[in-house]
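Here is what each chain is made of, one letter per residue.
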Amino acid sequence: MNQNKLNPNDDEMQPRVVLVDDDAAVRKATSQWLNLAGMRVLDYAGAREALSQLATESNVVVISDIKMPGMDGLEFAKRCNDIDPDLPVILITAHGDIRMAVRAMRDGAYDFIEKPIEPELLIDRIQRAWEKRQLVMENRKLKRIVNRGASLENRLLGRSPGIRQLRKQIVQLAETPVDTVINGATGTGKELVAQCLHEWSPRANSPFVAVNCGAIPEALFESELFGHEKGAFTGATAKRIGKIEHAAGGTLFLDEIESMPLNFQIKLLRVLQERKLERLGSNQQIDLDIWVIAATKVDLEQASASGDFREDLYYRFNVAELYIPSLADRRDDIPLLFEHYAQKAAYQFDRDYHQPTEEEIECLISYPWPGNVRQLKNIAKRYVLGVGPSRNIHTLLGQPSEQQPDTARTSNGLAERVQLFEAELITRSLRKHKGNISEVMQELELPRRTLNNKMSQYEIKRKDFVGSDLE
Ligand SMILES: Nc1ncnc2c1ncn2[C@@H]1O[C@H](COP(=O)(O)OP(=O)(O)OP(=O)(O)O)[C@@H](O)[C@H]1O
Ligand SMILES: [Mg+2]
């Protein structure tokens, strides 16, 4: 058997062929023709052996002789069809055996070719089957992306354009993991986003190891992350596997990466570039297959410009940068998140759920939320658990209840609040009409020019509301 592996990362343009024939001379000659035509071939003397290599997602074209000892080509085609009905199987039939060919097609063979085989014809048929297979694979991938996108909505909640965009980026990144940095203020959901990335990726069943770089004393950093051999330093009484190695095969989440000591950043960079690791006190290099996701509250570009963060490490991460907007920049998500967490708490603690009044919702919407979703989650819980005045949203937000929302906390004057309200109405209408400007103009009774001016003033973009493939 030919030893080259059918590596799924190889160039997609070149067909990969699984060839089954009990005649070694035929196998050799056919492989040679196909190789010359730029195809890669994995050949087998028997159907059983070939079957054990085929799976639903095998991106190959199968060619098989019909007359073989043990399992014959017809049975083989049937089995291939059971594994994956879209797997292309081309059978080689004896000259003039039309009945056999018809049966073969019915049993799942994609095509058949008569003996003696003409190389040109065979190559042409394989090429066509391969192109068809590529379409099937691409379609399956897109379907997976769409389905995953839909369920991600229940995990990472929010209807604002910013969150919708983020969900799209997550499903896309999860398909081709590159080292990623997540940027967002405190409590915006950085860890949640990192977990979603991991869970939506093919690594979902491997470990997700979270490391809070801000919580590890500088002196322990290296041994915590790299691990050490017994006796590597005073006090190293036993061998220890570091966090990086624990994440092997899965995802390493480096939280608060801005607090990583500078002298360690260079070591991390080397690990990211070489995908290799040495435990402290050992010269043996360990190969690593990890996906590294970092999170930060600071602007890393600025931090690297001022020398607080290594520039080369920043460039390594900024290839894939996800930004989570603060709640104050996506106020339309506030009612939804509040109700979600309040209902959850009511269920969890077996309490009644009282729908907040409209006035209370407005108060929630205009509150500045410095602690973002985490703070909102706490307030929602206290709202459900509270009794008497502590059930009051104003009290929970530290505002005297008779006061109008907001004035105690922010400097928003009347004009600014009117603007916020206006922006919210336009956003809602755009969402309702899926970005159809004429319908929005009609609903809000606004001339096109005024609507355009207001949209540009509030930085509302029509394209964010035009039907997306994920929602
Ligand atoms: N879009 C969202 N939908 C649902 N829950 C969310 C969302 N964003 C955040 N949360 C919830 O808010 C809480 C805080 O999120 P998380 O811990 O991920 O934030 P963080 O950005 O890592 O915070 P910190 O900066 O403090 O580390 C979590 O309970 C998380 O599940
Ligand atoms: Mg966090």
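Residue numbers here run from 1 along each chain, matching the order of that chain's written sequence. Naming scheme: in the order in which they are written, chains are lettered from A and ligands are numbered from 1. Selection of residues for local features in this predicted model requires a pLDDT of at least 70, selection of side-chain atom pairs for listing and counting requires 80 or more, and totals for whole chains, interfaces and linings are taken over all residues. With hydrogens and water set aside, each side-chain value is computed from the structure's full complement of heavy atoms.

Describing helix H10 (residues 262-274)
Applicable threshold: Runs of H or I in DSSP of at least four residues are treated as helices and runs of E of at least two as strands, each being numbered from the N terminus. To estimate the expected span of a helix, count its residues, drop one, and scale the result by 1.5 Å. What makes two residues a contact is simply this: any of their non-hydrogen atoms within 4.5 Å.
The end-to-end C-alpha separation of H10 is 19 Å, in line with the 18 Å expected for 13 residues at 1.5 Å each. Buried residues along H10 sit in contact with helix H8 (221-226), strand E10 (251-255), strand E11 (276-277), strand E13 (291-296) and helix H12 (311-317). Remark: Arg 275 follows H10 within two positions and exhibits a positive phi of approximately 55 degrees.

A few points about the sheet that holds strand E2 (residues 40-44)
What links the strands of a sheet is backbone hydrogen bonding, and the strands pair in either a parallel or an antiparallel sense. Using the following cut-off: Any two strands are treated as partners once DSSP identifies two or more bridges connecting them. Here an axis means a line fitted to C-alpha atoms, over the contact stretch when the element is a helix, while the angle between two N-to-C directions is reported on a 0 to 180 degree scale.
Taken together, five strands build an open sheet; the order of strands is E2-E1-E3-E4-E5 and the sheet is parallel. With partners counted over all chains shown, the strands left at the sheet margins are E2 and strand E5 (111-114), one partner each. Neighbour-to-neighbour, the strand axes of this sheet turn through a mean angle of 20 degrees, independent of strand direction. By the bridge criterion, four bridges tie strand E3 (residues 61-65) to strand E4 (residues 89-93) in an arrangement that is parallel.

Examining a negative patch on the surface
Just so we agree on the cut-off: Excluding any residue in a salt bridge, patches collect residues exceeding 30% relative accessible area, merging like charges within 9 Å and nonpolar Val, Leu, Ile, Met, Phe, Trp and Tyr side chains within 5 Å. In this description, accessible areas are obtained by the Shrake-Rupley approach with a 1.4 Å probe, and a residue is regarded as covered only by the protein chains that are shown. Salt bridge criterion: a side-chain nitrogen from Lys or Arg within 4 Å of a carboxyl oxygen from Asp or Glu. In this tally, Lys and Arg are treated as positive and Asp and Glu as negative; His is ignored, and so are the chain termini. Every charge is mapped to an atom, namely NZ of Lys, CZ of Arg, CG of Asp or CD of Glu. Working definition: with a 1.4 Å probe on protein chains only, accessible area under 20% of the residue-type maximum means buried, over 50% means exposed, and in between means partly exposed.
Side chains of Asp 299, Glu 301, Glu 311 and Glu 321 sit close together on the surface and give a patch of like negative charge. Following the sequence through the fold, Glu 311 ends up in helix H12. Relative accessible area serves as the criterion here: at 42%, Glu 311 is assigned to the partly exposed category.

So, the domain arrangement of the protein chain
As a reminder, the rule being used: Reported domain spans reflect what an automatic or database domain assignment gives.
Assigned domains within the protein chain: domain 1 (16-140), domain 2 (157-325), domain 3 (328-396) and domain 4 (414-464). Between the C-alpha centres of domain 1 and domain 2 there is a distance of 45 Å.

Brief notes about the sheet that holds strand E7 (residues 208-212)
Spatially, E7-E10-E13-E6-E14 is the arrangement adopted by the five strands of the open sheet, whose pairing is parallel. If you trace the sheet from one side to the other, it starts and ends with E7 and strand E14 (320-323), each paired once. Each strand axis lies, on average, 20 degrees off the axis of its neighbour in the sheet, ignoring direction. Pairing of E7 with E10 involves five bridges; the strand directions are parallel. Bridge pairing in E10 places Ala 210 opposite Phe 253. Here helix H6 (residues 161-175) sits on the sheet in contact with strand E6 (180-183), E13 and E14, set at roughly 155 degrees to E14.

Focus on the site of ligand 1
Where we set the bar: Throughout, near means a residue has at least one heavy atom within 4 Å of the molecule or strand. For this analysis, a polar contact is any N or O atom pair within 3.5 Å, provided that within protein one partner can donate a hydrogen and the other can accept it, and provided that sequence-adjacent residues contribute only side-chain to side-chain pairs. Three residue categories are used. Nonpolar comprises Ala, Val, Leu, Ile, Met, Phe, Trp, Tyr, Cys and Pro, charged comprises Asp, Glu, Lys and Arg, and polar comprises the others, including Gly.
Around ligand 1, 17 residues are found, and the nearest of them are Leu 157, Lys 190, Tyr 341, Arg 374 and Lys 377. In the environment of ligand 1, a nitrogen atom lies 2.9 Å from a nitrogen or oxygen atom belonging to the backbone of Leu 157. Thr 186 has a polar side-chain atom sitting 3.2 Å from an oxygen atom of ligand 1. When ligand 1 sits alone it has 640 Å² of accessible area, and the protein chains cover 86% of it. Broken down by secondary-structure element, the contributors of at least two residues to the shell around ligand 1 are helix H7 (190-199), helix H13 (334-348) and helix H15 (372-385). Its residues assigned to classes, the shell around ligand 1 shows seven nonpolar, four polar and six charged. Taken domain by domain, the makeup of the shell around ligand 1 includes at least three residues from each of domain 2 (157-325) and domain 3 (328-396).

Some details on the confidence of the model for the protein chain
Counted only if it meets this: Confidence scores here are pLDDT values: one per residue, from the predictor, ranging 0 to 100.
Scored by pLDDT, the protein chain comes out at a mean of 86, with 92% of its residues at no less than 70. Of the regions scoring below 50 in pLDDT, residues 1-10 engages in 17 contacts with residues more than four places distant in sequence or in other chains. Contacts for the low-pLDDT stretch residues 402-411, under 50 throughout, to residues beyond four places or in other chains number 20 contacts.

A look at a positive patch on the surface
Taken together, the side chains of Lys 344, Arg 374, Lys 377 and Lys 381 present a region of like positive charge at the surface. Along the chain, Lys 377 falls in helix H15. Judged by relative accessible area, Lys 377 falls into the partly exposed class, the value being 40%.

Details of the pattern of salt bridges
Counted under the stated rule, the structure contains 24 salt bridges. In this structure, Asp 289 and Arg 203 form a salt bridge, with 2.7 Å as the shortest nitrogen-oxygen distance. With Asp 289 in the loop between strand E12 (286-287) and E13 and Arg 203 in the loop between H7 and E7, the pair connects residues that are 86 residues apart, well separated along the chain. A relative accessible area of 44% places Asp 289 in the partly exposed class. Residues joined by salt bridges that share partners form a network here, namely Asp 84, Asp 86, Arg 133 and Arg 140.

Examining the packing of aromatic side chains
Under the convention used in this document: Only rings of Phe, Tyr and Trp enter the pairing, Trp through its six-membered ring, and a pair is recorded when the two centres are within 6.5 Å. The plane angle decides the type: under 30 degrees is stacked, over 60 is edge-to-face, the rest tilted.
Using the criterion set out here, one finds six aromatic pairs in the structure. Pairing Phe 221 with Phe 264 gives two aromatic rings, centres 4.9 Å apart and planes at 55 degrees, and the pair type is tilted. Here Phe 264 lies in helix H10 and Phe 221 lies in helix H8, a separation of 43 residues in the sequence. The exposure class assigned to Phe 221 is buried, which follows from its relative accessible area of 1%. Given a relative accessible area of 3%, Phe 264 falls into the buried group. Between the aromatic rings of Tyr 314 and Tyr 315, the centroid separation amounts to 5.4 Å while the plane-to-plane angle is 50 degrees, which identifies the pairing as tilted. Looking at Tyr 314, the relative accessible area reads 4%, which means it is buried. Given a relative accessible area of 45%, Tyr 315 falls into the partly exposed group. Each residue in the set Phe 221, Phe 226 and Phe 264 is aromatic and connected to the rest through ring pairs, giving one cluster.

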